[in-house]
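Overview (structure and organization)
Below are the chains, spelled out letter by letter.
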Amino acid sequence: MSLINPLIISIWFAILFLPFKGLKAALISFIIILLTLLLFKSLLRYKNIFKDPLHKIYNIFESNLLTPVYESIYLRYVLFAVLLVMPFFVRDYVLDVAILSCIYIILALGLNVVVGFAGLLNLGFVAFYAIGAYTYALLNTKLGIGFWSALPFSMLLTTIAGFLLAIPALRLRGDYLAIVTLGFGEIVRLILNNWDTLTKGPNGISGISTPVVFSFTFYKLTHFYYLLIFFVVITILITKRVHNSRIGRAWIAIREDEIAASTIGINTTMYKLYSFAFGAFWAGLAGSIFAAKMQFVSPESFTFMESVLILCMVILGGSGSISGVVVGAFLLVLLPELLREVQLYRMLALGAGLVILMIFRPQGILGGKSASLRI
Amino acid sequence: MHLLEFRNISMHFGGIKAIEDLDMRVKENQIMSIIGPNGAGKTTIFNCITGLTKPVKGSIFFSGKDIVNLQPHEIAKLGIARTFQNIRLFKEMAVLENIIVAQHCRTSSGLVDTVFGLGRFRREERIIREKAIEYLEFVGLYDFANTVSGSLPYGAQRKLEIARALASEPSLILLDEPTAGMNPQETGQVMELIENMKKLGKTVLLIEHDMKVVMGISEWIVVMDHGVKIAEGIPEDIKNNQLVIEAYLGKEY
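It should be emphasised that the depicted structure is a prediction, and the values quoted were computed from it without experimental measurement. (Residues numbered from 1 in each chain as written. Chains lettered and ligands numbered in written order. Predicted model: local features only at pLDDT ≥ 70, side-chain atom pairs only at ≥ 80, totals over all residues.)

Remarks on the overall build of chain A
The line we're drawing: Working definition: helices are DSSP H or I runs of at least four residues, strands are E runs of at least two. Numbering for both runs from the N terminus. The exposure label follows from counting other C-beta atoms within 10 Å of a residue's C-beta, where the C-beta atoms are placed from the backbone and the thresholds are 20 or more for buried and 12 or fewer for exposed, leaving partly exposed in between. Contact between two residues is assigned whenever their backbone-derived C-beta positions fall within 7 Å.
A count of helices and strands for chain A gives 16 helices and four strands. Taken across its 375 residues, chain A has 41% of its residues classed as buried. Taking the intrachain contacts of chain A between residues at least 6 apart in sequence as the baseline, contacts between residues at least 24 apart amount to 75%.

Structure representation (structure tokens):
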């Protein structure tokens, strides 16, 4: 049994703890983590003895055991039913977290189109989110246009923004593309922050009205919750369908091998453009809902960290897997909330959790090679 | 009738002349091989035909149309498909999906059809699936249909690449060393496959080092050396051509 891996992991944790809790705590955490890892490893080694239960746990890490469970159709219905009746049983706080999760699920599904399907790194995805939010905010406060009339406009505008960014960016690959998209994200944020006459700069825009359906105004959290469940379902259905279509397959072919993709007749430039625009489209939706729900937007909601967070959701859940990305987004909203108890160490624990996950399951929670088509 | 015609094609990489003033013709429904020592410019010819590199001079006519300035995907749509010397499969896709995606340029469902699941989308999906299964049966990979293609054995990967090339419904198919690294039995299967392609009416252009394959199935052979065509003819003539023997073995022999 190799000792090096557990040793490196526990030393790394100890170093992480050092500046916060001093040498003693660092040593203790080092010993605890090392022992836990060793115990876990030795149990795995003798997994034949405890064959059944442990074998299953081990398999969760090793295979795609979770995917069929998650994708079983009954579980999906049960889950959906639970989501529908949930608002009647929970506190507003839980509902608020659920709403935030839904917004991030839409965002992560949008970014998944670019990163997961087409394999292009986009570090400025938050820019589209911001454009969507500000478009609705401005249309509403300046021109008095309602949510439902403004929504198509803001989604169209973010889609166009996606195209416009992609045209120069797609001449570049890999790292360079990442840097250009990062720059784009910052430019959008800085414009919003400094164009005082239009966006009121850092003060943000307040007094945005909430959606109205047949003279029924959304004002309670429950209303937004159902609105978001509706949009999340639509987003999942459409991205799933596009994923399993001619367009989605073209994206995956480009991700896998761009040269081979071009020689079987895929217009690689065009499809990369599509992926940027299609991803941005969803960010526009999420942004508009965000603005309507908060009734307030300001540039500080759209920092680079948001882009990183959304990217983490995609990678953590399983890049390219729709159910994985949904789980990833949900977890990354939920975990910081659960960890509120340990206030100070919240981000530390979250970071450590991410590192552990990436070591044991680099393809993401529900990611991995799984064929979507069968004979 | 000539399906493919090279006129004065030259391709330089910096100071290296990969191809120099090449004239070449490929007859329709013919199996033609390009042979030559390493660095003779064979793969560069393929790259020029498929639009991956642009020749510095000359023109390439395919079915009477100059394709030199077209993009790779446009050339694929006209009916040219290829395999690669170093296999380039879509490794994380299932075998069946590899074939399905290759029918991209023969299908036309757009975003609207897809999102609303319109009739055209459903029909097309069904047809390409059925066709994909046919292509898999043609190359003998039906049993692997649901396997992730990256985990196939080497010989099967080469065959899958051939099936993928066929799936884009080309009239001209370019095979870059299709039997490299195969055992004699697999080589035999690929030779049979190539002959079956001819029966389907395809034109096959082949780069190959295995002389048993080249001499066994080619109807016409072009010999390249240092970017220049040094000979062409039927297999019997090439075997006895003094220039070819010199290029391969050196002058003393």
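Comments concerning the overall build of chain B
Stated precisely, the cut-off is as follows: The globule rule used here is 2.2 Å times the number of residues to the 0.38 power, and the radius of gyration it is set against is calculated over C-alpha atoms.
Along the backbone of chain B there are ten helices and ten strands. Relative to its length of 253 residues, chain B is compact, with a C-alpha radius of gyration of 19 Å against a globular reference of 18 Å. Every one of the 253 residues in chain B was classed for burial, and the buried ones make up 44%. Restricting the contact set of chain B to residue pairs at least 6 apart, pairs at least 24 apart contribute 66%.

Focus: the domain arrangement of chain A
Short version of the rule: Start and end positions for the domains come from either an automated domain assignment or a database one.
Partitioning chain A into domains gives domain 1 (4–61) and domain 2 (65–360). Just the C-alpha atoms count here: the centres of domain 1 of chain A and domain 2 of chain A sit 34 Å apart.

Observations regarding the packing of helix α6 (residues 126–143) of chain A against helix α7 (residues 147–169) of chain A
Residue and element names in this part refer to chain A. Inclusion rule: A fitted line through C-alpha atoms represents every axis, and for helices the fit uses only the stretch in contact; the resulting angles, taken between N-to-C directions, go from 0 to 180 degrees. It is the rotation of the near helix from the far one that decides the hand of a crossing: anticlockwise by less than a right angle makes it left-handed, clockwise makes it right-handed. Gly is put with the polar residues, along with every residue not named as nonpolar or charged; the nonpolar set is Ala, Val, Leu, Ile, Met, Phe, Trp, Tyr, Cys and Pro, and the charged set is Asp, Glu, Lys and Arg.
Remark: α6 packs on α7, axes separated minimally by 9 Å, with the N-to-C direction vectors making an angle of 145 degrees. The handedness of the crossing between α6 and α7 is right-handed. Judged by residue contacts, Phe128, Ile131, Gly132, Thr135, Tyr136, Leu139 and Asn140 of α6 engage Phe147, Ala150, Phe153, Ser154, Met155, Leu157, Thr158, Ala161 and Gly162 from α7. Per-class residue counts for the contact of α6 with α7 are ten nonpolar, six polar and no charged.

Remarks on the sheet that holds strand β5 (residues 65–66) of chain B
Residue and element names in this part refer to chain B. Inclusion rule: At least two bridges found by DSSP between two strands are what make those strands a pair.
As summarised here, the arrangement of the four strands in space is β2-β1-β4-β5, forming an open sheet in which the pairing is antiparallel. Every interior strand has two partners, whereas the edge strands, β2 (16–27) and β5, have only one. Examined bridge by bridge, strand β4 (residues 57–62) and β5 share two bridges and lie antiparallel to one another. Looking across to β5, one finds that phenylalanine 61 is bridged to aspartate 66.

Here's the deal with the interface of chain B and chain A
Taken together, the contacts link 35 residues of chain B with 25 residues of chain A. Contributing elements (two or more residues each) for the side of chain B that touches chain A: α2 (72–78), β6 (80–82), α3 (95–101), α4 (111–116) and α5 (119–139) of chain B. Residue composition of the side of chain B that touches chain A, by class: 19 nonpolar, nine polar and seven charged.

Describing the domain arrangement of chain B
By a widely used convention, the size of an interface equals the accessible area lost when the partners come together. All names here are of chain B. Once the domains are mapped, chain B shows domain 1 (1–79 + 172–253) and domain 2 (89–169). Spacing between the C-alpha centres of domain 1 and domain 2 amounts to 27 Å. At the junction of the two partners, domain 1 supplies ten residues and domain 2 supplies nine residues. The element that contributes the greatest number of residues to the side of domain 1 that touches domain 2 is α2, accounting for three residues. Its residues placed into classes, the side of domain 1 that touches domain 2 shows six nonpolar, two polar and two charged.

A short note on helix α6 (residues 154–167) of chain B
All names here are of chain B. To keep things clear, this is the line we draw: Expected helix span is taken as 1.5 Å per residue step, with the number of steps being one fewer than the number of residues.
Here α6 spans 20 Å end to end across 14 residues, near enough to the 20 Å set by a 1.5 Å rise per residue. Most of α6 is tucked away: eleven of the 14 residues are buried. Taken together, the buried positions of α6 are occupied by Gln157, Arg158, Lys159, Leu160, Glu161, Ile162, Ala163, Arg164, Ala165, Leu166 and Ala167. Packed against the buried residues of α6 are β6, α3, α5, β7 (172–176) and α7 (184–199). Glutamate 169 occupies a position one or two residues after α6 and carries a positive phi of about 50 degrees.

Thoughts on the environment of Thr235(A)
Residues and elements named next belong to chain A. Looking at the element boundaries, threonine 235 is found in helix α10 (residues 221–243). The sequence separation of threonine 235 and phenylalanine 30 amounts to 205 residues, and the corresponding C-alpha distance is 44 Å. Each residue touching threonine 235, except ones within four places of it in the same chain, is listed here: Ile106, Leu109 and Trp282.

Quick word on α6(A)
Spacing of three or four residues puts side chains on the same side of an α-helix, whose turn is 3.6 residues. Residue and element names in this part refer to chain A. Between the first and last C-alpha of α6 there are 25 Å, a value that for 18 residues agrees with the 26 Å anticipated at 1.5 Å per step. A large share of α6 lies buried, amounting to 14 of its 18 residues. Phi turns positive one or two residues past the end of α6, at glycine 144, with a value near 70 degrees.

Focus: unusual backbone geometry
Residue and element names in this part refer to chain B. Even without being a glycine, asparagine 8 presents a positive backbone phi close to 55 degrees. Here asparagine 8 shows up in strand β1 (residues 2–13). The class for asparagine 8 is exposed, based on 12 C-beta atoms found within 10 Å. Here glutamate 177, not a glycine, exhibits a phi torsion of approximately 50 degrees, which is positive. The exposure class assigned to glutamate 177 is buried, which follows from the 20 C-beta atoms found within 10 Å.

Re the sheet that holds β6(B)
Neighbouring strands of a sheet are bound in pairs by backbone hydrogen bonds; such pairs are parallel or else antiparallel. All names here are of chain B. Strands sit in the order β6-β7-β8-β3-β9-β10 across an open sheet of six strands; the sheet is mixed. Whereas interior strands pair on both sides, the edge strands pair on one side only; in this sheet they are β6 and β10 (228–233). Neighbour-to-neighbour, the strand axes of the sheet open up by a mean angle of 20 degrees, direction not taken into account. Bridging between strand β3 (residues 31–35) and strand β8 (residues 203–207) involves four bridges; their strand directions are parallel. Its bridge partner being in β8, methionine 32 is matched across the sheet by leucine 205. Sheet strands touched by α7: β3, β7 and β8. Its angle to β8, the strand with the most contacts, is close to 150 degrees.

Regarding the environment of Lys54(B)
Residues and elements named next belong to chain B. Structurally, the position occupied by lysine 54 is in the loop between α1 (42–49) and β4. By C-beta crowding, lysine 54 is classed as exposed, having 11 other C-beta atoms within 10 Å. Residues lysine 54 and glutamine 71 lie 17 residues apart in sequence; the distance between their C-alpha atoms is 9.6 Å.

Observations regarding the confidence of the model for chain A
Residues and elements named next belong to chain A. Note the threshold: Looking at any residue, its pLDDT shows the predictor's confidence there, from 0 to 100.
Across chain A, the average pLDDT comes to 82, with 88% of residues at or above 70. pLDDT under 50 marks residues 49–55. Its contacts with residues more than four places away, or in other chains, come to three contacts. A low-confidence stretch, residues 57–68 stays under pLDDT 50, and its non-local contacts, those more than four residues away or across chains, total twelve contacts.

Here we look at the packing of helix α14 (residues 304–317) of chain A against helix α15 (residues 322–338) of chain A
Residues and elements named next belong to chain A. We count it as follows: Any angle that is under 35 degrees is reported as roughly parallel, and any over 145 degrees as roughly antiparallel; angles of 65 to 115 degrees are reported as roughly perpendicular and all others as oblique.
Between α14 and α15, the least distance of the axes is 7 Å, while the angle of their chain directions is 130 degrees. As summarised for this structure, α14 and α15 are arranged oblique, according to the angle between their axes. In the packing of α14 onto α15, the handedness of the crossing is right-handed. Contacts between α14 and α15 involve Leu309, Cys312, Met313, Val314, Leu316 and Gly317 from the former and Gly324, Val325, Val326, Val327, Gly328, Ala329, Leu331 and Leu332 from the latter. Each residue belonging to the contact of α14 with α15 can be placed in one class, and the counts come to eleven nonpolar, three polar and no charged.

Some words on the pairing of β7(B)
Residues and elements named next belong to chain B. The element β7 is extensively covered by neighbouring structure, given that five of its five residues are classed as buried. Residues Leu172, Leu174 and Asp176 of β7 are buried on one face, and the alternating residues Ile173 and Leu175, pointing to the opposite face, are buried as well. Inspection of the sheet shows β6 paired to β7 by three bridges, in the parallel sense. Directly across from arginine 82, in β7, lies its bridge partner leucine 174. Bridge analysis of β7 against β8 gives five bridges, and the strand direction is parallel.

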